[in-house]
Amino acid sequence: MQTSAETVDEQLDGVQGTRRVGASRSAGLAARAVRRFEEARGRRWFWPAALVAGYAAEVLFRLVLVRHMSYPSVHADEDGYLVLARVLAGRPTTEMPVGVVIPGGYPLLISPAFRIADDPVMAYHLIMGINALLNALVFPLAYLALRRLGLRRLLAYVFAGVTALLPPVIFYSEFVMSDTVLPVLILAWLLCMHGWLSEGPVKHRYWYAAGTGAAAAYTMATHDRGGVVVALTGVVLVGVLVLRWAPWRTTLVGLGALAVGSVGAKALSWWLDRQFTVEPSKVGSYLIDGLKNPDILQRTLTRTTGQIWYFIVSTWGIGGLAVVVCLVALFSGRFPRPHRIVGGVMVALLVGTALASAAALPDDARIDNWVYARYVAYLVPVAFVAGVAVLARFSLRNVVLTVAGSVVLTLVLAKLVIWSAGKLLHTQVFIGWGMPDVTFLAADWSRLNMMRSTAAAFIILGAVALMLVAGGRRVLWAVGLSLALFAGFATATITEQVAYPHSDWRKPLATGFTKAAGIKPKDNLVLAWDLDGSLRMAQAFEVYDGRVWYLDPRWQPVPAAATAIVTPLAEEGKAPESYWKEHPDEWYVERTNKQQGWMIWRKR
């Protein structure tokens, strides 16, 4: 008869044997999976299929993020693009909310939504879908860029996924804004420029040169920043033609594409200008004043410094690696000429955009204007890709030196802004929408903390550098997967903490007003100038089948086609009609809303 101890030993032996068998089976399954993956990725169809699958996943992620978005909330940017898209879709014109006609390249891309949708909510949802399709193109383009910079396919695939998930890349695509497509255009532009300047079959270089000119021109058709892109492209094309750094016929093709595209962009602007009666844009005069006026030059330079600081921090310092290396490459012959030219163009565009936008931004007492990096965010994907190439291709010693240079540069930039702006960074108006990335890094959604955000960014970069030092190139795939998970988490968190609250805050003056005021589908609406600005601008889109006018009915003639007028409330204690004492008898006050401060007039 067995003792209890012997029985226990037999049971333990059985459990351990079962565990060994289970572990052996798991190891066998893992080994077979690895073998099958290795076999599959050696086939011609694998990487194209993987890119399509990755792109589809990126689109799906974006669609999940914007599932609650159904009306414009970033005034007046969204409203202006929506009105232009409406006109480009063949619908009747309406009031231009921005007050000026902005470039129509992005509205042209989203205009199909207006041809399909029967109401504004459906149109907005369709536009969010178009945004997702456009913005997710960062993924395949980043893959191609990383391959061009020498990364293996698997690493390029993983880090392309990280690039496309970065918060600065996705955040603005959650709204109807040209920043949705600009990162794609800039990445395509510099990728084509590098291909045109690199050795290879001449027939390929023709296509790359044409792509360089066309992408630059469409960037100008999409936003005023594109003017800087076109100017830089022209300088590069002419310089390369003179110095014979590329076959001259390819350069002429690039110049032709740039010229034709620029004429097309100007023609689109000319046509749109004639659909509206608004004043010309004054951005150019603000820009010149910001650069020439000695009284505000310090403000301009401080804002420029702040934007570059934000740019580096929003890429967790990896974009800073690109900036440092590109600056070094300009004065070093160790880098190939295409790398040097494209790197120099990238830095020139970063500084030029930051300087121009810093000068043109108004003095409206907003904290985020000191570090407002939305305008330079279109360079985030290309800078991140270049930074990843540093991590993957440089020796560990040079990686550490570049990281140190990025840290020093960023700290100097932060200190300069803090010294120059001083207490204004804490006493002016805080608008979280204008600086989502740094508030996320600081884990504080209520104020700007530059040093805390900087520290967080370089903790991330430091962890990446330590993993490389400890594990070498073998751990790069693990670094990429970790960053991809963190990027997805950061983007989702910023959406929850910034995008959704901002949109919810605007709802009462968008779809909320339409319901409360009883606006009918084909109403033609007059909106008084002294109404809340957000209400006025949102209705240019919400009044979907009719149109709106901005005017004061008390001293401006009301159009005969108008069916409703919205004005502020009369003075407290007085009859509603006292607001418009000399109103025609055919107009009467139908309803009022004290909470939002308006009343609506209708014809008898």
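All of these numbers come straight from a predicted model, not from anything done at the bench. (Residues numbered from 1 in each chain as written. Predicted model: local features only at pLDDT ≥ 70, side-chain atom pairs only at ≥ 80, totals over all residues. Heavy atoms only, no water.)

A closer look at the overall build of the protein chain
In plain terms, the rule: Secondary structure follows DSSP: runs of H or I at least 4 residues long count as helices, runs of E at least 2 residues long count as strands, and numbering of each begins at the N terminus. We compute the radius of gyration from the C-alpha atoms alone; for a globule the expected value is 2.2 Å times N to the 0.38, where N is the number of residues. When a residue's accessible area, from a 1.4 Å probe over protein chains only, is under 20% of the maximum for its type it is buried; when over 50% it is exposed; and in between it is partly exposed. Residues are treated as being in contact if the distance between any of their heavy atoms lies within 4.5 Å. Per-residue accessibility takes into account occlusion by the displayed protein chains alone, with areas from the Shrake-Rupley method and a 1.4 Å probe. Only four residue types enter the charge count: Lys and Arg as positive, Asp and Glu as negative, with His and the chain ends excluded. The atom standing in for a charge is NZ when the residue is Lys, CZ when it is Arg, CG when it is Asp and CD when it is Glu.
A tally of regular secondary structure across the protein chain gives 25 helices and 5 strands. Here the C-alpha radius of gyration of the protein chain, 28 Å, is about what a compact globule of 604 residues would show, namely 25 Å. In terms of overall dimensions, the protein chain has C-alpha extents of about 105 × 90 × 50 Å along its principal axes. When burial is assessed residue by residue, the protein chain has 54% of its 604 residues classed as buried. If you take every contact in the protein chain between residues at least 6 apart in sequence, the share linking residues at least 24 apart comes to 74%. Total accessible area on the protein chain stands at roughly 27000 Å², and carbon and sulfur atoms take up 63% of it. Charge separation in the protein chain, taken as the distance between the mean sites of 57 positive and 41 negative side-chain charges, equals 13 Å.

Description of the pairing of strand β3 (residues 564-568)
Our working definition: Here, strands pair whenever DSSP counts at least two bridges between them.
For β3, the tally of buried residues reaches 5 of 5 residues, placing the bulk of the element in the interior. Looking at chain direction, strand β1 (residues 525-527) and β3 are connected through 3 bridges and run parallel. Its bridge partner being in β3, Val 526 is matched across the sheet by Ile 565. For β3 and strand β5 (residues 598-603), the ladder comprises 5 bridges, and the chain directions are antiparallel. Bridge pairing in β5 places Ile 565 opposite Trp 601.

So, the side chain of Ser 178
Relative to the helices and strands, Ser 178 is located in the loop between α9 (167-170) and α10 (182-197). By relative accessible area, which is 0% here, Ser 178 ends up buried.

Comments concerning the pattern of salt bridges
Charged atoms that come close allow side chains of opposite charge to pair. Defined as follows: Each salt bridge in this description consists of a side-chain nitrogen of Lys or Arg and a carboxyl oxygen of Asp or Glu lying within 4 Å of one another.
Scanning the model with the defined rule gives 15 salt bridges in all. In this structure, Arg 602 engages Glu 590 in a salt bridge whose closest nitrogen and oxygen atoms are separated by 3.3 Å. You can see Arg 602 sitting in strand β5 and its partner Glu 590 sitting in strand β4 (residues 587-593), a full 12 residues away along the chain. On the basis of relative accessible area, Glu 590 is assigned to the partly exposed category, the value being 31%. A cluster of three or more residues bridged by salt bridges with shared partners is formed by Asp 77, Asp 179, Arg 225 and Arg 374.

Section: the sheet that holds β5
The following threshold applies: Angular values range over 0 to 180 degrees, each being the angle between N-to-C directions of two axes fitted as lines to C-alpha atoms, with helices fitted over their stretch in contact.
Strand order across the open sheet formed by 5 strands is β2-β1-β3-β5-β4, with mixed pairing between neighbours. Each edge of the open sheet carries a strand with a single partner, namely β2 (548-550) and β4. In this sheet, adjacent strand axes meet at a mean angle of 25 degrees when their direction is disregarded. Packed on one face of the sheet, helix α25 (residues 533-542) meets β1, β2 and β5 and runs near 150 degrees to β2.

Looking at the nonpolar core
As a reminder of what qualifies: Here, the term nonpolar core denotes a set of buried Ala, Val, Leu, Ile, Met, Phe, Trp, Tyr and Cys residues that are joined through side-chain atoms within 4.5 Å.
One finds Trp 189 and Trp 309 to be the most contacted residues of the largest nonpolar core, which totals 189 residues. Looking at this core element by element, the count peaks at 12 residues for α10.

Description of the layout of surface pockets
To be explicit about the condition: Using a grid of 1 Å spacing that covers the protein atoms alone, one calls a set of points a cavity when a 1.4 Å probe fits there but cannot get out, and a pocket when the set is open and has protein on both sides within 12 Å along at least five of seven lines; lining residues are those with an atom within 4 Å of a point. Grid points are joined across faces, edges and corners, and a volume is the space filled by probe spheres set on the points. Ten residue types, Ala, Val, Leu, Ile, Met, Phe, Trp, Tyr, Cys and Pro, are classed as nonpolar, four, Asp, Glu, Lys and Arg, as charged, and the remainder, Gly among them, as polar.
Considered as a void within the structure, the second largest pocket measures approximately 770 Å³ in volume. Split by residue class, the lining of the second largest pocket holds 22 nonpolar, 5 polar and 3 charged.

Things to note about helix α18 (residues 380-393)
Here is the rule: A helix is expected to span 1.5 Å multiplied by its residue count minus one.
Compared with an ideal rise of 1.5 Å per residue, which puts 14 residues at 20 Å, α18 spans 20 Å between its outermost C-alpha atoms and is within 8% of the ideal. Extensive coverage of α18 is indicated by the burial of 12 of its 14 residues. Among the residues of α18, Val 380, Pro 381, Val 382, Ala 383, Phe 384, Val 385, Gly 387, Val 388, Ala 389, Val 390, Leu 391 and Ala 392 are the ones counted as buried.

So, the pairing of β5
For β5, the buried fraction is high: 5 of the 6 residues fall into the buried class. As judged from the 6 bridges shared by β4 and β5, these two strands associate in the antiparallel manner. Bridge assignment links Arg 591 to a residue of β5, and that residue is Ile 600. Connecting β4 to the antiparallel partner β5 that follows it, the hairpin turn spans 4 residues, and Gly 597 within it adopts a positive phi of roughly 75 degrees.

Notes on empty space enclosed by the protein
As enumerated under the stated definition, the model contains 4 cavities of 30 Å³ or more in all. Roughly 40 Å³ of volume is contained in the largest cavity. Residues belonging to the lining of the largest cavity are distributed by class as follows: 6 nonpolar, no polar and 2 charged.

Quick notes on a nonpolar patch on the surface
The condition is simple: Patch members must show over 30% relative accessible area and no salt bridge, and they are joined within 9 Å when carrying like charges or within 5 Å when they are nonpolar side chains of Val, Leu, Ile, Met, Phe, Trp or Tyr.
There is a patch of nonpolar side chains on the surface, built from Val 238, Val 242, Leu 243 and Trp 245 and spanning about 370 Å² of accessible area. On the secondary structure map, Val 238 appears in helix α12 (residues 226-243).

Concerning the packing of α10 against helix α17 (residues 337-360)
Two packed helices can be described by the angle between their axes and the distance between those axes. Stated formally: By the definition adopted for this analysis, an angle is roughly parallel if under 35 degrees, roughly antiparallel if over 145, roughly perpendicular if from 65 to 115, and oblique otherwise. Note on convention: the crossing is left-handed when the near helix lies turned anticlockwise from the far helix by less than a right angle, right-handed when the turn is clockwise.
At a minimum axis distance of 9 Å, the contact between α10 and α17 shows a crossing angle of 155 degrees. Between α10 and α17, the angle is such that the two are roughly antiparallel. Here α10 and α17 pass one another in a crossing that is right-handed. Residue-level inspection shows Ile 186, Trp 189, Leu 190, Met 193, His 194 and Leu 197 of α10 in contact with α17, the latter providing Pro 338, His 339, Ile 341, Val 342, Val 345, Met 346 and Leu 349.

Quick look at the packing of aromatic side chains
Note the following rule: A pair of aromatic rings is counted whenever rings of Phe, Tyr or Trp (Trp by its six-membered ring) have centres within 6.5 Å, and the orientation is called stacked for planes under 30 degrees apart, edge-to-face for over 60 and tilted otherwise. Only Lys NZ and Arg CZ are tested; either one counts as a charge over a ring when it is within 6 Å of the ring centre and within 35 degrees of the ring normal.
In total, this model carries 27 aromatic pairs according to the counting rule given. Between the aromatic rings of Trp 316 and Phe 384, the centroid separation amounts to 6.4 Å while the plane-to-plane angle is 85 degrees, which identifies the pairing as edge-to-face. Highlighted residues: Trp 316 in the loop between α15 (294-314) and α16 (318-330) and Phe 384 in helix α18, separated in sequence by 68 residues. Comparing Trp 316 with Phe 384 shows no difference in burial state: the two are buried. Site record: aromatic cluster; members linked through ring pairs are Trp 45, Phe 46, Trp 47, Phe 139, Tyr 143 and Tyr 157. Note that Arg 303 overlies the ring of Trp 370, its terminal NZ or CZ placed 5.9 Å from the centroid.

Details of the environment of Val 526
Tracing the chain through its elements places Val 526 in strand β1. Look at Val 526 and you get buried, because its relative accessible area is 0%. With sequence-adjacent residues up to four places away left out, Val 526 is seen in contact with Trp 549, Leu 551, Val 558, Pro 559, Ala 562, Ala 564, Ile 565 and Val 566.

A short note on unusual backbone geometry
A cis amide bond links His 75 with the next residue in sequence, Ala 76, at an omega value of 5 degrees. Mapped onto the elements, Ala 76 comes out in the loop between α2 (46-65) and α3 (77-88). Non-glycine residue Ala 443 carries a positive phi angle of around 55 degrees. You can see Ala 443 is positioned in the loop between α21 (436-442) and α22 (450-471). Here Ala 443 falls in the exposed class, since its relative accessible area comes to 58%.

Quick notes on the packing of α2 against helix α7 (residues 138-148)
Packing of α2 against α7 leaves a shortest axis separation of 9 Å and a crossing angle of 140 degrees. The angle between α2 and α7 falls in the class oblique. Contact residues: Trp 47, Leu 51, Gly 54, Tyr 55 and Glu 58 in α2; Phe 139, Pro 140 and Tyr 143 in α7. When grouped by side-chain class, the residues that make up the contact of α2 with α7 number 6 nonpolar, 1 polar and 1 charged.

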